Amino acid sequence: MRKIYIFDTTLRDGEQSPGVNLNTKEKVEIALQLEKLGVDRIEAGFPAASPGDLAAVNAVASAVKNATIIGLSRSREQDIDAVREALKGAQDPSIHVFLATSPIHRKHKLRMEKEQVLETAERAITYAKKYFSKIEFSLEDAGRTELDFVCQMTDMAIRAGASVVNLPDTVGYLNPLEYGNIFKTVKENVPNIEKIQLSAHCHDDLGMATANALAAILNGADQIEGTINGIGERAGNTALEEVALALETRFDYFGAKTGLNLQEIARTSRLVSKLTGMVIPGNKAIVGANAFAHESGIHQDGMLKEKTTYEIISPETIGLRDSKLVLGKHSGRHAFREKLIDLGYELDEEAVNVAFAKFKDLADRKKHVTDEDIRAFLEEKLVDT
Ligand code: KIV
Ligand code: ZN
């Protein structure tokens, strides 16, 4: 079976979400949960960014035993040395070196010609190679880079000794057809491409991060980078839980899976939300509170008869106990009657009708009718009669 490697960057790109700042203890707690989830690689931080980040990466490297621990580095010797220092205690260390390649970044940010970009990156990879056997090189803003230059940079990275080449859509600009085409072109044109893994790293500025990651898989990507709950710089990164469940649910189409222990997804998602303070929107795919909740009467009736009518994933798959039938104004008699049984009330048909009318009346005034609300008007009715 084709395996897609998961590179989790919740602790690095995820921590770049505005307003998020994880301390060392929190980073270690998340890293240990990511290990339980079974991610292959954990990017623990950017050691050159601050002494605190270096210390946190160091603590994660000592705590985690079953995943590769990665530190981010610009294409500079000082940054590479900071990653060496941070990863001293790691069982399986790796470095992630990057340099921007797009015309916009070359002109305005780096002020470098293509030749200088090639040379700077090659020098950095060669230097990193003295200390690391596993090196990922990223072409920052590959998505807006000339395709022939993407191929040239990838070729250089392979010859210099990178083991993974990452082609990020740094600003979330591409659509799935365009992003997939980058992978296809690189696969078809770069010599010795089979010697390395190709990685996809997408941002969600236009809401296409997951679709783009899946397009990369269809065009030969070996690794997906992303974060739990899709947190990250600006609109965030690819949500790893979405990729994992898309592959799992549509194995018939993709023919590939991650090695994730899917039952840990809900727990990991809650922990990341709690420690980052980033609330998960109710309608967030896979991990939002409403992802397995059904309100309409037609849907509830279908669910009560056969769950696959309205659920393509069972909540148990991601470690949740059950789906929820939420009672509101769209709910029907079938779900209401089930709720009465759940709450321990055995009412005859006429009493159910009276209770259902009261429920509908309340539901028109209140968004969600809770168990307490139902108990309250039923008890009131029993007292009345
Ligand atoms: O989005 C990006 O390009 C990055 C790089 C550092 C890989 O996060
Ligand atoms: Zn990124």
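Everything quoted here is computed from the prediction, not taken from an experiment.

When helices and strands are tallied, the chain shows 15 helices and 11 strands. Across its three principal directions, the C-alpha atoms of the chain cover 85 × 40 × 40 Å. Across the 385 residues in the chain, those meeting the buried criterion constitute 44%.

Let us now look at the site of ligand 1. Close to ligand 1 lie Asp13, Phe98, Ser138, Glu140, Asn166, Pro168, Thr170, His201 and His203, which account for all nearby residues. Those elements that place two or more of their residues in the shell around ligand 1 are strand 5 (135–140) and strand 6 (164–169). By residue class, the composition of the shell around ligand 1 is 2 nonpolar, 5 polar and 2 charged.

A separate point is the UniProt feature "domain: Pyruvate carboxyltransferase" (unreviewed entry) in the chain. UniProt records the feature "domain: Pyruvate carboxyltransferase" (unreviewed entry) for residues 4–266 in the present numbering. Helix makes up 44% of residues 4–266 and strand makes up 19%, while its end C-alpha atoms are separated by 20 Å.

A few words on the pairing of strand 7 (residues 197–202). With 5 of 6 residues buried, strand 7 lies mostly within the body of the structure. With 6 bridges joining them, strand 6 and strand 7 adopt parallel strand pairing. If you follow Val165 over to strand 7, its bridge partner there is Leu198. Taken together, strand 6, helix 7 (residues 176–189) and strand 7 form a β-α-β motif whose crossover is right-handed. Judged from the 3 bridges that link them, strand 7 and strand 8 (residues 223–226) form a sheet pairing that is parallel. Pairing of Ser199 across the sheet is with Gln223, part of strand 8. Between the parallel elements strand 7 and strand 8, the chain passes through helix 8 (residues 209–218) in a crossover that is right-handed.

Before going further, it helps to examine the environment of Leu118. On the secondary structure map, Leu118 appears in helix 5 (residues 114–129). Taking the C-beta count within 10 Å as the criterion, Leu118 has 20 such neighbours and is therefore assigned buried. Distance in space between the C-alpha atoms of Leu118 and Thr154 is 9.8 Å, their sequence separation being 36 residues.

Our next topic: the pairing of strand 8. In strand 8, alternate side chains face the same way, and those of Gln223 and Glu225 on one face and Ile224 and Gly226 on the other are all buried. Here strand 1 (residues 2–8) pairs with strand 8 via 4 bridges, running parallel. Residue Asp8 lies in a different strand from strand 8, and its bridge partner there is Gly226.

Residue position: Ile280 is located in the loop between helix 11 (265–276) and strand 10 (293–294). The spacing of Ile280 and Gly230 is 50 residues in sequence and 9.6 Å in space, taken between C-alpha atoms. Those residues in contact with Ile280 that lie beyond four places of it in its chain are Asn229, Ser269, Ser273, Val287 and Gly288.

Helix 3 (residues 77–86) packs onto helix 2 (residues 51–63) with a crossing angle of 40 degrees between their chain directions and a minimal axis gap of 8 Å. Here helix 2 is positioned oblique relative to helix 3, judged by the angle of their axes. Residues Leu54, Val57, Asn58 and Ala61 of helix 2 lie in contact with helix 3, whose contacting residues are Ala82, Glu85 and Ala86. Counted by class, the contact of helix 2 with helix 3 contains 5 nonpolar, 1 polar and 1 charged residues.

Next up on the list: the UniProt feature "binding site: Mn(2+)" (unreviewed entry) in the chain. Within this numbering scheme, the UniProt entry marks Asp13, His201, His203 and Asn237 as carrying the feature "binding site: Mn(2+)" (unreviewed entry). Over a stretch of 225 residues, the named residues converge on one spot in the fold, their C-alpha atoms separated by at most 10.4 Å. Within the secondary structure, His201 sits in strand 7. What makes His201 buried here is the crowd of 30 C-beta atoms within 10 Å. By secondary structure assignment, the location of His203 is in the loop between strand 7 and helix 8. With residues near it in sequence (within four places) discarded, His203 still touches Asp169, Thr170, Val171, Gly172, Ala209, Gly232, Glu233, Arg234, Ala235 and Asn237.

Definitions and cut-offs
Each chain has its residues counted from 1, following the order in which its sequence is written. For naming, the first written chain is A and the first written ligand is 1, with later ones following in the order written. With the structure being a predicted model, the display of local features is reserved for residues of pLDDT at least 70 and the display and counting of side-chain atom pairs for 80 or more, all residues being used for whole-chain, interface and lining totals. By the criteria applied, helices consist of DSSP H or I runs no shorter than four residues and strands consist of E runs no shorter than two, each listed in order from the N terminus. Between the buried cut of 20 or more and the exposed cut of 12 or fewer other C-beta atoms within 10 Å of a residue's own C-beta lies the partly exposed class, and all C-beta atoms are placed from the backbone. A molecule or strand has a residue near it when that residue's C-beta atom, placed from backbone coordinates, lies within 6 Å of it. For this classification, Asp, Glu, Lys and Arg are treated as charged, while Ala, Val, Leu, Ile, Met, Phe, Trp, Tyr, Cys and Pro are nonpolar and the rest, including Gly, are polar. UniProt positions are given in the numbering used here, feature names are shortened, and annotations may be inferred rather than shown by experiment. Two strands make a pair as long as DSSP finds a minimum of two bridges between them. Handedness of a crossover is defined as follows: orient the strands so they point away from the viewer, and if the path from the first strand over the helix to the second runs clockwise, the crossover is right-handed. Any residue pair is listed as a contact if its two C-beta atoms, each placed from the backbone, are within 7 Å. Here an axis means a line fitted to C-alpha atoms, over the contact stretch when the element is a helix, while the angle between two N-to-C directions is reported on a 0 to 180 degree scale. The scheme is simple: roughly parallel for angles under 35 degrees, roughly antiparallel for over 145, roughly perpendicular for 65 to 115, oblique for anything else.

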